[in-house]
Amino acid sequence: MQLRYFLPVLATLVGLAGTARADLRVVTTTPSLAAVVHAVGGAHAHVTSLSLPTQDPHFVDARPNLALELSKADLLVLVGLELEVGWLPTLQMASRNSEIQRGAKGYLDASTLVPVLEIATGKVDRAQGDIHPGGNPHYLIDPRRVAKVAAGLAVRMGDLDPSNRQAYAANAKSFLEKLAKWQRHWETVLGPLKGRKVVAYHHSLTYLADWLGFEVVIHLEPKPGIPPNPGHVARVIDLAKKHDVKLMIQESYFPTKTSELVVQKVGAKLALLPGGANFRGGESYLGFIDQCVKRLSAAVQP
Ligand SMILES: [Zn+2]
């Protein structure tokens, strides 16, 4: 075959391979967000997460490979409310990608899509710990808020990739239907949690408590982001006994040693929740919340 005949054949092959390639490259800061983007994007979006479910999303190493990932992204989706403030700006700058900088069309702060709790009022200073003045950023554990994130994602992804706008809308619709069905099931399973008094490690259960109707009486961290100290641990144990607390909840990326001591002293159970969807392992957002519900439900059994 002469070269001039061979070239168009080669171009066709490349073209075919091209159709298998995703239309949008999306990078998220957390794996749970990645799982939601995947539900909306389907085959049209290539999604990666900058952090793992085993990593505390407040502290992620701004490694060069993550900046490289961002350099190729059409869309960056973040949790926002300063959750990633310690590491994401460095990566955005290193990526030299103008499309995903704050204010650009490829920058989506998902917290703008949800009702936010615990917005700070009055003066905010470092002495209050690692606080988030714009509100509590740990909303991805609440399926009601994730429904709003998915709907907003479909709109933004459609704006960035209009040829697949209908597919994103259809995917989001089917995700929302499944989510609503599962939500009713989860609420039934976790009905016994309603009105319960609970100890939490970090201020990360606010939205879960709001959804399921339990009450966090005290946190093991004396202030957000500050590790437990003996004086505060003694206060936690006292208060937990006073309120007859039978359950402590935390994400598995926080240390468990002190928590185990507390539940032993108090006579409570410890529910360890996964830190996010195991997106790389193929877990969906629904699978992630179902895992959380199973762990909680096992820990509330008498
Ligand atoms: Zn936090």
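What counts, and at which threshold
- Residues numbered from 1 in each chain as written.
- Predicted model: local features only at pLDDT ≥ 70, side-chain atom pairs only at ≥ 80, totals over all residues.
- Pairing = 2+ DSSP bridges.
- Helix = DSSP H or I, 4+ residues; strand = E, 2+ residues; numbered from the N terminus.
- Axes fitted to C-alpha atoms, helices over the stretch in contact; angles between N-to-C directions.
- Contact = placed C-beta atoms within 7 Å.
- Buried ≥ 20, exposed ≤ 12 C-beta atoms within 10 Å, placed from the backbone.
- Domains from an automatic or database assignment.
- Nonpolar A, V, L, I, M, F, W, Y, C, P; charged D, E, K, R; others polar.
- Parallel < 35°, antiparallel > 145°, perpendicular 65-115°, else oblique.
- Left-handed = near helix turned anticlockwise from the far one by under 90°.
- Core = buried A, V, L, I, M, F, W, Y, C linked by C-beta atoms within 7 Å.

Draft legend 1. Broad picture of the sheet that holds strand β1 (residues 24-28). The parallel open sheet is built from four strands, whose spatial order is β2-β1-β3-β4. A single partner strand is all that each edge strand has here, and the edge strands are β2 (45-49) and β4 (107-109). The mean angle between the axes of side-by-side strands here comes to 20 degrees, regardless of whether they run parallel or antiparallel. In this structure, β1 lies alongside strand β3 (residues 75-78), joined through three bridges in parallel fashion. The partner of valine 26 across the bridge, within β3, is leucine 75. Docked against the sheet, helix α2 (residues 31-41) engages β1, β2 and β3, running at close to 175 degrees with respect to β2.

Draft legend 2. Region of the structure containing α2. Of all 11 residues in α2, 11 are buried; the element is thus mostly enclosed. Along α2, the residues classified as buried are Pro31, Ser32, Leu33, Ala34, Ala35, Val36, Val37, His38, Ala39, Val40 and Gly41. Packed against the buried residues of α2 are β1, β2, β3, α5 (143-160), α6 (165-189) and α10 (285-300).

Draft legend 3. Spatial organisation of the pairing of β3. Taking every second residue as pointing to the same face, both faces of β3 are buried, with Leu75 and Val77 on one and Leu76 and Leu78 on the other. Here β3 pairs with β4 via three bridges, running parallel. Residue pairing in the sheet places leucine 76 in a bridge with tyrosine 107 of β4.

Draft legend 4. Representation of the domain arrangement of the protein within the structure. Under the domain assignment used here, the protein contains domain 1 (19-184) and domain 2 (186-300). If you average the C-alpha positions of domain 1 and of domain 2, the two centres end up 24 Å apart. It is α2 that provides the largest number of residues to the side of domain 1 that touches domain 2, a total of six residues. Taken together, the residues that form the side of domain 1 that touches domain 2 break down as 14 nonpolar, 11 polar and eight charged.

Draft legend 5. Spatial organisation of the packing of helix α3 (residues 64-71) against helix α4 (residues 88-95). Relative to each other, α3 and α4 sit at 60 degrees, their axes nearing to 8 Å. It follows from the interaxial angle that α3 and α4 lie oblique. Like other packed secondary-structure pairs, α3 and α4 cross with a definite hand, here right-handed. Along its contact with α3, which presents Leu66, Ala67, Leu70 and Ser71, the element α4 presents Leu91, Gln92, Ala94 and Ser95.

Draft legend 6. Just the nonpolar core, in detail. Ranked by size, the top nonpolar core spans 81 residues in total, and within it Val36, Val37, Val40 and Ala150 carry the most contacts. Residues lining this core come from more than one domain, with at least three contributed by each of domain 1 (19-184) and domain 2 (186-300). Among residues more than four places away in sequence, those in contact with valine 40 are Ala150, Leu153, Ala154, Met157, Tyr168, Asn171, Ala172 and Phe175.

Draft legend 7. Region of interest: the environment of serine 51. Along the polypeptide, serine 51 turns up in the loop between β2 and α3. Residues serine 51 and threonine 28 lie 23 residues apart in sequence; the distance between their C-alpha atoms is 8.4 Å. The residues contacting serine 51, other than those within four sequence positions of it, are Thr29, Thr30, Pro31, Pro57 and Val60.

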